[in-house]
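Spelled out, the chains give:
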Amino acid sequence: MEKYPGKKNTAVFISGRGSNLKSLIKYSKKKNSLVKIILVISNNPSAEGLKYASRSKIKIYGNKKKSNFENKSLKLLKKYNIDLICLAGFMKILSGNFIKKFSKPILNIHPSLLPKYKGLNTHERAIKNKDRFAGASIHKVTEKLDSGKVILQKKVKILKSDNVRSLEKKVLKIEHEIYPKAIEMFLANL
Ligand code: GAR
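This text gives an overview of the structure that appears in the document. (Residues numbered from 1 in each chain as written. Predicted model: local features only at pLDDT ≥ 70, side-chain atom pairs only at ≥ 80, totals over all residues. Heavy atoms only, no water.)

## Details of the overall build of the protein chain
In step 1: Along the protein chain, the regular secondary structure elements total 6 helices and 7 strands.
In step 2: Counting from the amino terminus, the protein chain carries its helices and strands in the arrangement β-α-β-α-β-α-β-α-β-α-β-β-α.
In step 3: Against the globule reference of 16 Å for 190 residues, the protein chain gives a C-alpha radius of gyration of 16 Å, in line with a compact fold.
In step 4: Projected onto its principal axes, the C-alpha coordinates of the protein chain cover approximately 50 × 40 × 30 Å.
In step 5: Counting all 190 residues of the protein chain, 49% fall into the buried class. (Helix = DSSP H or I, 4+ residues; strand = E, 2+ residues; numbered from the N terminus. Rg over C-alpha atoms; globule rule 2.2 N^0.38 Å. Buried < 20%, exposed > 50% of the residue type's maximum accessible area, 1.4 Å probe, protein only.)

## So, the nonpolar core
In step 1: Judged by nonpolar contacts, the single largest core of 36 residues is most densely connected at Val-12, Ile-14, Val-40, Leu-84, Leu-107, Tyr-179 and Ile-183.
In step 2: It is helix H6 (residues 164-188) that provides the largest number of residues to this core, a total of 9 residues.
In step 3: Excluding residues within four positions of it along the chain, Tyr-179 makes contact with Asn-20, Leu-24, Cys-86, Leu-87, Ala-88, Leu-107, Asn-108, Ile-109 and Ile-138.
In step 4: Membership of the second largest hydrophobic core comes to 21 residues, among which are Ala-11, Ile-41, Tyr-61 and Tyr-80. (Core = buried A, V, L, I, M, F, W, Y, C linked by side-chain atoms within 4.5 Å. Contact = heavy atoms within 4.5 Å.)

## Section: the packing of helix H1 (residues 19-28) against helix H2 (residues 48-55)
In step 1: Running from N to C, H1 and H2 point in directions that differ by 20°, and their axes come no closer than 9 Å. Relative to H2, H1 is oriented roughly parallel. In the packing of H1 onto H2, the handedness of the crossing is right-handed. Counting all contacts with H1, which are made through Leu-21, Lys-22 and Ile-25, the residues of H2 involved are Gly-49, Tyr-52 and Ala-53. (Axes fitted to C-alpha atoms, helices over the stretch in contact; angles between N-to-C directions. Parallel < 35°, antiparallel > 145°, perpendicular 65-115°, else oblique. Left-handed = near helix turned anticlockwise from the far one by under 90°.)

## Description of the environment of Gly-49
In step 1: The residue Gly-49 is located in helix H2 in this model.
In step 2: Among the residues examined, Gly-49 registers a relative accessible area of 0% and is labelled buried.
In step 3: In the structure, Gly-49 is positioned 33 residues away from Gly-16 in sequence and 6.1 Å away in space, judged by C-alpha atoms.
In step 4: Apart from the residues lying within four places of it in its own chain, the contact partners of Gly-49 are Ile-14, Gly-16, Arg-17, Gly-18 and Leu-21.

## Concerning the pattern of salt bridges
In step 1: Following the criterion strictly, the structure yields 8 salt bridges and no others.
In step 2: Here Lys-51 makes a salt bridge to Glu-48, at a shortest N to O gap of 2.9 Å. Placement of the pair is Lys-51 and Glu-48 together in helix H2, with a separation of 3 residues, close to one helical turn.
In step 3: We classify Glu-48 as partly exposed; its relative accessible area is 47%.
In step 4: Lys-116 is paired through a salt bridge with Asp-131; the nearest N and O atoms lie 3.3 Å apart. (Salt bridge = Lys/Arg side-chain N within 4 Å of Asp/Glu carboxyl O.)

## Digging into the site of the ligand
In step 1: Surveying the vicinity of the ligand reveals the residues Arg-17, Gly-18, Ser-19, Asn-20, Gly-89, Met-91, Ile-109, His-110, Pro-111, Leu-172 and Glu-175.
In step 2: Arg-17 has a polar side-chain atom sitting 2.6 Å from an oxygen atom of the ligand.
In step 3: Take Glu-175: an N or O atom from its side chain is 2.8 Å from an oxygen atom of the ligand.
In step 4: At the level of elements, H1, strand E5 (106-110) and H6 are the ones that each hand at least two residues to the shell around the ligand.
In step 5: Taken together, the residues that form the shell around the ligand break down as 4 nonpolar, 5 polar and 2 charged. (Near = heavy atom within 4 Å. Polar contact = N/O pair within 3.5 Å; in protein donor to acceptor, adjacent residues only side chain to side chain. Nonpolar A, V, L, I, M, F, W, Y, C, P; charged D, E, K, R; others polar.)

Next comes the structure, spelled out in structure tokens:
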């Protein structure tokens, strides 16, 4: 049963800074938002984002042990009736077993215009290849890395003066804008 009627009980998985987490928490606090963030999970117990979640009175769980991270997380997801997982800067690859066992939707934000540049160092690769555009994508998580159906993406122009840092900054700004939008679109079409 949903803890907050009309809103999906949501867990956000992070590994570090948590700026996307912040934007999702901000969105979830809106009266008409479709999600309630119940739990934030990290494979890095000292992730900055966990501190922010804690200050926002959200339950947190941090565990860097590879061996039991997934099993312990699955238990918590069940305990808190989680309907949706949003990966937000979560740098660990979830196993097929985890995805199957959770059995509900998992979304991810990736800093490239998928299917271009799956994996790491996306901005570096876009600049090196002299791409005219970079961007961010929200997609469904499947067993194949960064390959599930794209729900929403937005591009930004790469200027001659851009470097990895300036591009990351520009893309991050649109990430914060499109993740809540993508969640709305995804849940509206369930
Ligand atoms: C974001 O740019 C996100 O798209 C990226 O990590 C950053 C996390 O920033 N995710 C990935 O690269 C996943 N493969 P944040 O912690 O400030 O949200």
